[in-house]
Amino acid sequence: MSSAFIAVHDLPARWRNRHLFTFADTDFGDGARFLSLLRCWRADDARCDRLHYIAIAGLTPPCDELAAIWPMRVPGVHRIELDAGRVVLTLAIGDEDMLSRLWARVDAFHVGACADPKRIAKTMARFAADHATVSADVSLEGALRASGFESVSTDNDRLVARFAPRWRVRRHEPPIAHEVKTREAIVIGAGLAGCAVTSTLAERGWKITLIDRHNAPARDASGNPAGVFHPIVWRDDSIAARLTRAGFLLALDRWQALERAGHDLKRSRSGLLQIADTNDDAEALAQAIARFDYPREYVTPVSSDEAARIAGVHVTRGGWFFPRGGAISPAAICAAQLAQSGDALTTRMNTQISRIAYDGTRWQVFDTSDVLIAQAPVLVLANAHEAQRLAHLHGEPTRSVRGQLSLLDTSALDGLRVPVIGEGYALPLSAQRTLIGATYDIDDPDREIRDAGHIENIERLANMLPDVARERAASFEGRVAFRCVTSDRMPMIGQLADESLARRDAAKLSGAWPLDLPRAPGLYGAFAFGSRGLVWATLAAELIASQIEGAPWPIERELAEAIDPARFLLRALRHGEITAS
Ligand SMILES: Cc1cc2nc3c(=O)[nH]c(=O)nc-3n(C[C@H](O)[C@H](O)[C@H](O)COP(=O)(O)OP(=O)(O)OC[C@H]3O[C@@H](n4cnc5c(N)ncnc54)[C@H](O)[C@@H]3O)c2cc1C
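Computed from a predicted model, the values in this text were never measured in an experiment. (Residues numbered from 1 in each chain as written. Predicted model: local features only at pLDDT ≥ 70, side-chain atom pairs only at ≥ 80, totals over all residues. Heavy atoms only, no water.)

(A) Local environment of the domain arrangement of the protein. Each assigned domain of the protein is listed here: domain 1 (4-163), domain 2 (184-219 + 332-397 + 488-574) and domain 3 (267-326 + 399-486). Centre-to-centre separation of domain 2 and domain 3, based on C-alpha positions: 31 Å. Tallying the contact residues gives 14 residues for domain 2 and 10 residues for domain 3. Taking both sides of the interface into account, the surface hidden between domain 2 and domain 3 amounts to around 940 Å²; carbon and sulfur atoms contribute 50%. When the buried area of domain 2 at its contact with domain 3 is split by residue, His385, Arg489 and Gly530 rank highest and sum to 53% of it. (Domains from an automatic or database assignment. Contact = heavy atoms within 4.5 Å. Buried area = accessible area lost by both parts, 1.4 Å probe.)

Structural data, given as structure tokens:
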């Protein structure tokens, strides 16, 4: 591939002295354009700090050079990091319409022939940065002009254009970096959520003050001895299924990077088995897996015989197997992420934050004696149950769900080879130690371990692993922790709304969309991870870092809206439940 296309976009000059440069390509083809741009970026001493390349691509790797990094063959948006995270390839698997589902500010577009020039030109106008350049098939000329682009030159079948709208062509500005004098952030909460945000921001050159009320990270929900991770597969490709798929794949990718850096995350490697609740469910799921044409490395249906062979113990029925799912230690992930953050990190343990305030440019956080602990332009609330109180969120959208785990020593499950989930879960911690759980007690604050909880864990599990019914519950060790959940069971991830402004403008916002809402400058949330902290934490960190830096979002906008921490406020505004105060 000639590098003429690079000159068309006035590169490398345009990315010099920039933090971020984003290139979007609707026609990834054999990947040669991406590889040329990558070589050009690597060769340029004055390159931008981070190069984002968004591409609409197919499921199969387009060339040998990209085969090693190509994502699993499942639909959605995949993010691949190269050059220690400084080059980010966002692959949107699907047709040209995928571009319109993303959310990004784009500096340069490469567009091939397309089925719907008007639609693609409108999408480009929504995404274009000031003076964004376009190299496109000439057939797009009229559509581009109508969307605010002016033609610079044409050459045979290609044209070069520039974004120069003479009238308003879009309702909302595309994502833009939060303007800061110093790249400093405060993160409250050192569990899975806070540690992931810390390491992701540290990797991007931010200095972080991480605050927790305990004397060490991962002491609350993230202090369980192990947890399971897997995507959801269901009969339709629901928002929850797409989101957990994105979270699962991103987490796997980042955990592998931590492991390559020498950290032991105590991750199991033999897959994870899900036992269906009923034979009808097993049948329906097998059909869905075939219909979606999921690759075997993602999920595969299993009969009850196959399930028993994989599990190494008796099972009541079949289900499906996730070869890349498994169990992992949340505390080991947190420790690895904090170690990777190095000098960028200052920790303030044994510090309970009771109040936050904004002075117009910086967020300030105060402890229980009202002493100012830290201030920074960016604040991330990763403190589970306490986040809604600190942020005064409308309607207090989160609740607490007590969960009790039981630890079985030398039990009927000693032969268990892989984590098994279904109505409950069982995961082998070592040859004669199995973790089972977990109870789900809404609004129950009791921290004591209860025999009734152990009995419940065993009964639930016996419906899928019948051998466990032989166990007597009385003498088990256990652990109690509290999940933080929302009413729609989706996490709260992203920039918080400016609730007082929204309240003032309630009448105007009664038909608002998420992008219409006023947002609190520099204030983000990563909480309410429910029972899935392991799949949400990495995705949360990536989405929040992208929002802070004005980088392309790692998932479709529709998915980000499903976890938007302002969604309950938005619903209340739409239902007229909020009036101007
Ligand atoms: C019994 C049980 C079993 C589970 N099993 C699984 C599983 O198998 N797989 C899975 O993915 N997930 C599982 N989960 C869920 C998972 O543990 C959570 O989703 C995850 O740990 C949440 O991480 P977090 O960082 O949001 O919260 P936490 O780990 O609770 O961290 C929040 C931190 O904020 C700190 N904090 C709070 N308020 C303040 C304040 N005001 N000032 C300073 N610090 C503050 C706390 O001290 C705490 O360290 C389970 C949960 C339970 C209870």
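Continuing now.
(B) Highlighting the environment of Asp446. With respect to the helices, strands and loops of the structure, Asp446 is situated in the loop between strand S25 (441-442) and helix H13 (451-462). A relative accessible area of 25% means that Asp446 is categorised as partly exposed. Taking the C-alpha atoms as reference points, Asp446 and Thr398, 48 residues apart in sequence, are found 18 Å from one another. Beyond its immediate chain neighbours, meaning those up to four positions away, Asp446 contacts Arg402, Val480 and Phe482. Within the local environment of Asp446, its side chain forms a polar contact with the backbone nitrogen of Glu448, the two atoms lying 3.0 Å apart. (Helix = DSSP H or I, 4+ residues; strand = E, 2+ residues; numbered from the N terminus. Buried < 20%, exposed > 50% of the residue type's maximum accessible area, 1.4 Å probe, protein only. Polar contact = N/O pair within 3.5 Å; in protein donor to acceptor, adjacent residues only side chain to side chain.)

(C) Structural context of the site of the ligand. Neighbouring the ligand are 35 residues, the closest being Asp212, Ser222, Val228, Ile353 and Leu534. Here an oxygen atom of the ligand and a backbone polar atom of Ala221 are 3.2 Å apart. Within the complex, the protein chains bury 97% of what would otherwise be the 990 Å² of accessible surface of the ligand. Mapped onto the shell around the ligand, the elements with two or more residues apiece are helix H7 (192-203), strand S11 (227-229), strand S21 (398-409), strand S26 (477-486) and helix H15 (533-549). (Near = heavy atom within 4 Å. Areas by Shrake-Rupley, 256 points an atom, 1.4 Å probe, with all protein chains shown as cover.)

(D) Spotlight on the pairing of strand S18 (residues 363-367). The element S18 is largely enclosed, with a buried count of 5 among its 5 residues. With 5 bridges connecting them, strand S17 (residues 353-358) and S18 associate as antiparallel partners. The residue bridging Ala357 from the neighbouring strand is Gln364, located in S18. Connecting S18 to the antiparallel partner strand S19 (residues 372-376) that follows it, the hairpin turn spans 4 residues, and Asp370 within it adopts a positive phi of roughly 60 degrees. (Pairing = 2+ DSSP bridges.)

(E) Representation of the nonpolar core. Phe109, Val134, Leu144, Phe149, Leu243, Trp255 and Ile555 are the most contacted members of the largest nonpolar core, which has 109 residues in total. Broken down by element, this core gets its largest block of residues, 11 residues, from H15. Once residues within four sequence positions are removed from consideration, Ile555 is found in contact with Val77, Leu243, Ala246, Leu539, Leu543, Ala560 and Ile563. Ranked by size, the runner-up nonpolar core spans 26 residues in total, among them Phe21, Tyr53, Ala55 and Leu91. (Core = buried A, V, L, I, M, F, W, Y, C linked by side-chain atoms within 4.5 Å.)

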